[in-house]
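Take a look at the letters that make up each chain.
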Amino acid sequence: MEPIEKFRQETRDWLEANCPASMRTPTNDEDETPWGGRRAVWKNPDAKIWLDRMASRGWTAPTWPKAYGGGGLTKDENLVLQSEMRRIKARAPLASFGLWMLGPALLEFASEEQKKEFIPPIVRGEIRWCQGYSEPGAGSDLAGLQTKAEDKGDHYLVNGQKIWTSHADKADWIFCLVRTDPTKKHDGISFLLFDMTTPGVEARPITMISGASPFCETFFTDVKVPKKNLVGELNKGWTIAKRLLEHERSMISGMGLGSGVGSSASLESLAKDYAGEADGRIANGALRDHVVQQKMDGKAFALTLQRTAEEAKAGHGTGAASAIFKYYGTELNKRRYELMLEILGTRGLGWEGEGFTPEEIGITRSWLRSKGNSIEGGTSEVQLNVVAKRVLGLPD
Amino acid sequence: MAMVLTEEQQLLRDTATQFFQERVSIANLRRLRDTKDPTGFDRGVWKDMADLGFAGILISEKYGGTDFGPVGLGLVLEQAGRALAASPLVSTVLLCGSAVQLAGSATQRQEILSAIAAGEIVMALALEEGAHHNPAQIATHARPHGSGYRITGRKTFVLDGHVADKLIVAARTSGADGDKSGITLFLVDPKAKGVTIARTLMVDSRNAANISFDNVDVSSDSVLGSVDGGNDVLEQVLDIARIGLSAEMLGLVSEVFETTVTYLKERKQFGVPIGSFQALKHRAAVMFSEIELCRSVVLDALSALEARRNDVPRAASLAKARLSDTARLVTNEGLQMHGGMGMTDQFDIGLYMKRARVAAMTFGDGNFHRDRYAVLEGF
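In this text, all values refer to a predicted model and were calculated from it rather than measured experimentally.

A. Spotlight on the packing of helix 9 (residues 325–344) of chain A against helix 10 (residues 358–370) of chain A. Residues and elements named next belong to chain A. Between helix 9 and helix 10, the shortest axis-to-axis distance is 9 Å and the interhelical angle comes to 145 degrees. As for the relative orientation of helix 9 and helix 10, their crossing is left-handed in sense. Residues Asn 333, Lys 334, Tyr 337, Glu 338, Met 340, Leu 341 and Leu 344 of helix 9 form the contact with helix 10, whose participating residues are Glu 360, Ile 363, Ser 366, Trp 367 and Ser 370. Class assignment for the residues of the contact of helix 9 with helix 10 results in six nonpolar, three polar and three charged.

See below:
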């Protein structure tokens, strides 16, 4: 047997034996998202078992080096693992900014000591991270951030405010951009890690238009951060920040494929159910055209993600196409929810209570949530600027 | 998706790129137009294309073809689209060659396919009868007469119809106008008694014709495929042509877009390149995104054909709808961004816009293919 086929068989057997049955069903319940961390709440105890078993093999981070607790798998082995997990509809064992954003940046930029300290707890889901990037005065112009870190000999003293800090109220640690040289812009930024229980840290949830509060305002008042928690060189944090944003954008652009609430029912079946069917077709011709346009755009986008992945695998670079993923994926997702709202009619206009099904309320809330997709992680306008400058070479 | 080209395909692409750039520049199309060339394409160029193996690209080696397959053909068409090269590729290779390959008898294949591969004959498919693509809307009828058939009806938008050495005519042998069954394909000699051909001068300076059939007698040997079973062949042939036209339009939009971005960098107003204005930058970046999606759907459709996947109709409609719509967007934006110069005949952008509209309308535009996709998806 080929080594990769042997690996597939072993993986299949192991997953069969170790993935709890309740982890092989899809869920739309946000309370079931396995964020991990010191204060993790396990609504379904199987989720914790599943996480621990996967983490014991390093398969929460399949391609990270074994030295830091990762799975040490090759790209091909990871593809096998992912396809075997899909085969049994296994849920992702861990949802984590540490996994998606910080970890890859640490692997590239952190010292050996830092990697040993911070990466294994990410793999095991023990520490939940949040991202301290945006500030009230630094949104699209992120490098204009003002939160300052002063050198006090054996520590940095951090003062300032962050905003849109996802789940800061539930996170254990923060990776934070701070100004260490006020006389420079991009070259005066550093990348710091610190514990959210450090005195002087306060996170206040912000109520969003969807009614949820996933984001916080986060205040720092004389927060003492040990100097060993500086990642990379002093004043060179912007390079790390940009790389991490790339990971964030690729994470967000996956939304265009229609994850999230309401994705289990197809647009056309929703449209037939809510807006009427005639001779097997969506009765209203104009609505039918919107539905088919949305489906065809989604299919074309999915094919583009696939093409880029294949090009990358063949060693042709990630290709210029990746520059558009964040822009196109998020705009597609927003359009999808607008369309679902149109399809649901007044059933899509409920806020809460018994008058509407949980799925209907879920779609309404997700429609509101989706508006942020083209703002967070770099607005659509910033993405278009990036394409115009870096890909097309248009002048400033 | 067959993303990574084989060595043979890379060679073919390089050959096609060089050939269309050097041998079939846009000056070639302008000359055909300005001299009111009676043929409407350059026969010398077509012979060269055949010698390079382009005419036999879908034809097996048994009949003198090169059998490079659909992905190879896509590479050639993309380059032809960039150069706006007029040739009988669509009429003769995509449509009629495919029809004979799929439905022809051993004798028909032997005779016709080898002639196509050698670039010796031009063929045309007489299908459309109305202003919009509608392959089942066939009123032209063929009634049994003696030992053969007698055909009467009118066809329009027959690509290369006035220069064809042989016609394939879709005619009704049973059923009513609009029925998918009851359509039969006939091989018809354009010089036969009762055939009247009138060239129609099109906005893209390429060939099309109106053809009327007035009691045209054909033998029973001239049936291509089975009597009443023409629709199955037509559907497959049309999907090949739709995918091929999508590949041509991919070349067309890529060329227009690149030319436009270059213009944005060079043209100065208010003392700066107009490409520094965000109003134009964002529209250029949006077009770039759309074209990347176009490339994906075209490659997927070509791969579907090559691998004989069962979702060819869906992939064809996905590609043809997207390319038809994006070709409109990119040529309109390209013209606008060229300002007044874009309105002049001297600039090529107008030629691309004209071709984009004809290619979009050929065998179904965005509206047609979105509707078809919805039907294929069951709604």
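B. Molecular detail of the packing of helix 8 (residues 285–313) of chain A against helix 8 (residues 278–306) of chain B. Two elements in contact, helix 8 of chain A and helix 8 of chain B, have axes whose closest approach is 8 Å; the angle formed by their N-to-C orientations is 85 degrees. One way to sum up the angle between helix 8 of chain A and helix 8 of chain B is to call them roughly perpendicular. Facing helix 8 of chain A, whose interface residues are Ala 300, Phe 301, Leu 303, Thr 304 and Arg 307 of chain A, helix 8 of chain B presents Glu 292, Leu 293, Ser 296, Val 297, Leu 299 and Asp 300 of chain B. Of the residues assigned to the contact of helix 8 of chain A with helix 8 of chain B, the class counts are six nonpolar, two polar and three charged.

C. A look at the interface of chain A and chain B. Contact with chain A, which involves 35 residues of that partner, is made by 31 residues of chain B. Elements with a minimum of two residues in the side of chain A that touches chain B: helix 7 (267–275), strand 10 (281–282), helix 8, helix 9 and helix 11 (380–391) of chain A. Looking at which element gives the most residues to the side of chain A that touches chain B, the answer is helix 8 of chain A, with 15 residues.

D. Broad picture of the nonpolar core. Counting residues in each nonpolar core, the largest one holds 158 residues, and the members touching the most others are Ile 168, Phe 186 and Ala 301 of chain B. The element best represented in this core is helix 7 (residues 230–266) of chain B, accounting for 18 residues. Excluding residues within four positions of it along the chain, Phe 186 of chain B makes contact with Ala 142, Tyr 149, Ile 151, Val 169, Ala 171, Val 218, Ser 222, Val 223 and Leu 224 of chain B. Core analysis: the second largest hydrophobic core is formed by 62 residues, Ala 61, Leu 145, Ala 149 and Phe 191 of chain A among them.

E. Just helix 2 (residues 45–56) of chain A, in detail. All names here are of chain A. An ideal rise of 1.5 Å per residue puts 16 Å on twelve residues; helix 2 measures up with 17 Å between its terminal C-alpha atoms. Of all the positions in helix 2, only Ala 47, Trp 50, Leu 51, Met 54 and Ala 55 are classed as buried. For helix 2, the angular spread of the buried residues around the axis is 125 degrees, confining them to a single face. Looking at the buried residues of helix 2, the elements they touch are helix 5 (112–123). Looking at the residues trailing helix 2, positive phi occurs at Gly 58, about 75 degrees.

F. Quick look at unusual backbone geometry. The phi dihedral of Trp 164 of chain A falls on the positive side, at around 60 degrees, and the residue is not glycine. Relative to the helices and strands, Trp 164 of chain A resides in strand 3 (residues 155–166). Accessibility expressed as a C-beta count within 10 Å gives 22 for Trp 164 of chain A, which makes it buried. Of note, Phe 270 of chain B is a non-glycine position whose phi angle comes to about 55 degrees, a positive value. Secondary-structure assignment places Phe 270 of chain B in the loop between strand 9 (268–269) and strand 10 (272–273). According to the C-beta neighbour criterion, Phe 270 of chain B is exposed, with 8 such atoms within 10 Å.

Conventions and cut-offs
- Residues numbered from 1 in each chain as written.
- Chains lettered and ligands numbered in written order.
- Predicted model: local features only at pLDDT ≥ 70, side-chain atom pairs only at ≥ 80, totals over all residues.
- Axes fitted to C-alpha atoms, helices over the stretch in contact; angles between N-to-C directions.
- Helix = DSSP H or I, 4+ residues; strand = E, 2+ residues; numbered from the N terminus.
- Left-handed = near helix turned anticlockwise from the far one by under 90°.
- Contact = placed C-beta atoms within 7 Å.
- Nonpolar A, V, L, I, M, F, W, Y, C, P; charged D, E, K, R; others polar.
- Parallel < 35°, antiparallel > 145°, perpendicular 65-115°, else oblique.
- Core = buried A, V, L, I, M, F, W, Y, C linked by C-beta atoms within 7 Å.
- Buried ≥ 20, exposed ≤ 12 C-beta atoms within 10 Å, placed from the backbone.
- Expected span 1.5 Å × (residues − 1).
- Arc of directions from axis to C-beta.

The quantities given are spatial measurements derived from coordinates; they are silent on function.
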